[in-house]
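Single-letter residue listing:
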Amino acid sequence: MVGLKKLCVGMAMLLAAAPAAAQDGAFLVRDARVFDGTRVLGHREVLVEGGRIVAVARKVRPPSGTEIVEARGQTLLPGLMDGHVHVFPGAQADALRFGVTTVFDMYSTADRATIDRWRAQRRSDGLVSEADTFTAGIGATPPGGHPTELMRGSTKLPTLATDADAGAFMRARVEGGSDYIKVLQDDGARRGEPADMPAFTPTRFAEVIVAAKATGKLVVVHVQKLADARIAVANGVNALEHAVCDEPVDDALIAAMKAHGTVQTATLATYAGLAGTDDARQLAADPAIAPFLSPMQKGMLTLNWQHPRPVDYATALANVSRLARAGITMIAGTDAPNPTTAFGPSLHLELALLVHAGLSPTQALIAATSAPARFFGTTDRGRIAPGLKADMILVDGDPTRDIIALRHIVTIWKNGYVVDRKPRT
């Protein structure tokens with residue numbers, strides 16, 4: 001019954017797509033090179049029924065009438081996850097066209113009804129037209145602190161004053177639907193540049209982190225300065241959002257991150273844009289990318305930062321390289337929609353930049369599949385294994401050897417349905 005219902009809902013899209021699912025909703029990917037989210041399995045057959053992966057083996061005997069997708073010379077991977085975005089209407093649909101099947105929002109003003117809708121979609125195995133969304137909701141920042149300077153004129157956002165109850169603030173985030181807690185600490189200062197935004201004092205920053213940890217949720221922090229990263233890690237945060245870009249990381253920080261199991265989301269795509277590199281424009285012009293860009297995506301990729309900071313990027317890249325060599329877990333995240341980034345294609349650039357920083361292509365792919373799934377506890381996705389969501393990408397070539405091959409997408413499946421890659425106009 002599930003397969004018949006699925007066919008009725010998705011008939012129009014499936015008839016227009018190739019390859020399409022079979023009449024009972026099942027399909028078999030045959031003779032693909034499978035990267036399961038952690039390693040290359042070699043050539044396997046993957047059976048999907050009812051939006052879930054049913055079998056992964058050298059040979060699978062499919063039910064009668066199952067659609068066969070011939071995939072010799074191609075690679076099958078889990079759907080990609082962008083570990084750091086800020087969603088707005090249309091973002092999730094844009095992401096999905098580039099194989100990003102799940103996004104982790106790091107500051108959202110979405111109301112509880114919207115967050116509940118996102119949660120319902122995550123539980124569904126039906127036809128959807130957007131990437132699934134997890135969210136931090138409103139992050140903890142002092143009055144006038146980042147990112148409120150970017151939202152002047154909008155509805156007044158909750159902030160955390162020096163004399164306010166940090167515990168009450170965090171409980172309100174949980175009640176508002178936050179899947180994890182975000183704390184932001186950034187005064188805007190860099191080498192030779194003074195602070196230009198309010199930030200927590202070091203003592204208050206530590207207090208806020210402790211209050212966030214008390215909720216039992218994962219705690220992720222926006223930091224870009226080494227001093228702030230040290231405080232965050234010492235107080236047990238789970239992830240550093242953005243690479244440290246003011247100074248080289250040192251042995252003490254690396255040792256602390258290892259001891260606490262802290263992961264790093266580097267957002268190199270945004271740093272590269274901030275540096276004034278041409279990476280985003282080249283991405284927008286890539287023949288494997290350009291035909292699937294919406295006007296909004298193309299416009300975002302070709303924007304420029306008003307005040308470039310090339311030193312920030314060089315420092316961030318070197319720090320990511322050192323953390324990677326030290327074995328720190330990396331999560332791929334783009335920080336879209338900053339200038340020079342767009343939901344979906346920028347994750348492909350992020351993976352290329354992680355490889356440039358010294359990760360192997362396989363390590364970069366792990367950072368966008370099984371690593372975020374494991375970190376965020378989203379155990380129903382991020383790998384190709386029986387029982388998991390059939391969020392998958394089939395690409396020409398072998399991205400475990402050449403990460404750019406990931407851009408040569410043949411088919412995307414979300415919940416076992418073929419994704420229509422036509423951009424919105």
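Residues numbered from 1 in each chain as written. Predicted model: local features only at pLDDT ≥ 70, side-chain atom pairs only at ≥ 80, totals over all residues. Heavy atoms only, no water.

Trainee: I would appreciate a short explanation of the nonpolar core in the present structure.
Mentor: Across soluble globular proteins, nonpolar side chains show a tendency to be buried alongside one another. Core analysis: the largest hydrophobic core is formed by 88 residues, its most contacted members being M170, V183, V221, L240, L268, L351 and L354. Apart from the residues lying within four places of it in its own chain, the contact partners of L351 are A332, A364, L365, A368, I403 and L406. (Core = buried A, V, L, I, M, F, W, Y, C linked by side-chain atoms within 4.5 Å. Buried < 20%, exposed > 50% of the residue type's maximum accessible area, 1.4 Å probe, protein only. Contact = heavy atoms within 4.5 Å.)

Trainee: Looking at this structure, how should I read the sheet that holds strand β13 (residues 330–331)?
Mentor: Within a beta sheet, neighbouring strands are joined by backbone hydrogen bonds and run either parallel or antiparallel to one another. Pairing within the open sheet is parallel, and its five strands lie in the order β9-β10-β11-β12-β13. On the outer flanks of this sheet lie β9 (181–184) and β13, each paired with one strand and no other. Inspection of the sheet shows strand β11 (residues 239–241) paired to strand β12 (residues 263–265) by three bridges, in the parallel sense. Looking at β12, one finds that A239 is bridged to V263. (Pairing = 2+ DSSP bridges. Helix = DSSP H or I, 4+ residues; strand = E, 2+ residues; numbered from the N terminus.)

Trainee: Looking at this structure, I do not really get the confidence of the model for the protein. What am I missing?
Mentor: The predicted structure's coordinates, where accompanied by low pLDDT, should not be read in detail. Summarising the model, the protein shows a mean pLDDT of 92, and 93% of its residues fall at 70 or more. Contacts of residues 1–24 to residues separated by more than four positions or lying in other chains number 40 contacts, the stretch itself having pLDDT below 50. (pLDDT = per-residue confidence, 0-100.)

Trainee: So what exactly am I meant to see when it comes to the packing of helix α5 (residues 202–213) against helix α6 (residues 226–234) here?
Mentor: Helices that pack against each other are described as a pair by the angle of their axes relative to one another and the distance between those axes. Where α5 contacts α6, the axes come no closer than 9 Å and their chain directions differ by 35 degrees. Where α5 crosses over α6, the two elements pack in a sense that is right-handed. Contacts from P202, F205, A206 and I209 of α5 reach α6 at D228, I231 and A232. In terms of residue class, the contact of α5 with α6 is built from six nonpolar, no polar and one charged. (Axes fitted to C-alpha atoms, helices over the stretch in contact; angles between N-to-C directions. Left-handed = near helix turned anticlockwise from the far one by under 90°. Nonpolar A, V, L, I, M, F, W, Y, C, P; charged D, E, K, R; others polar.)

Trainee: In this structure, what is going on with the packing of helix α4 (residues 166–175) against α5? I would like to understand it.
Mentor: For the pair α4 and α5, the least separation of the axes is 9 Å and the interaxial angle reads 45 degrees. As the angle between them shows, α4 and α5 are arranged oblique. The element α4 and its partner α5 pack so that their crossing is right-handed. Side by side, α4 and α5 meet where A166, G167 and M170 of the first sit next to R204, V208, A211 and A212 of the second. (Parallel < 35°, antiparallel > 145°, perpendicular 65-115°, else oblique.)

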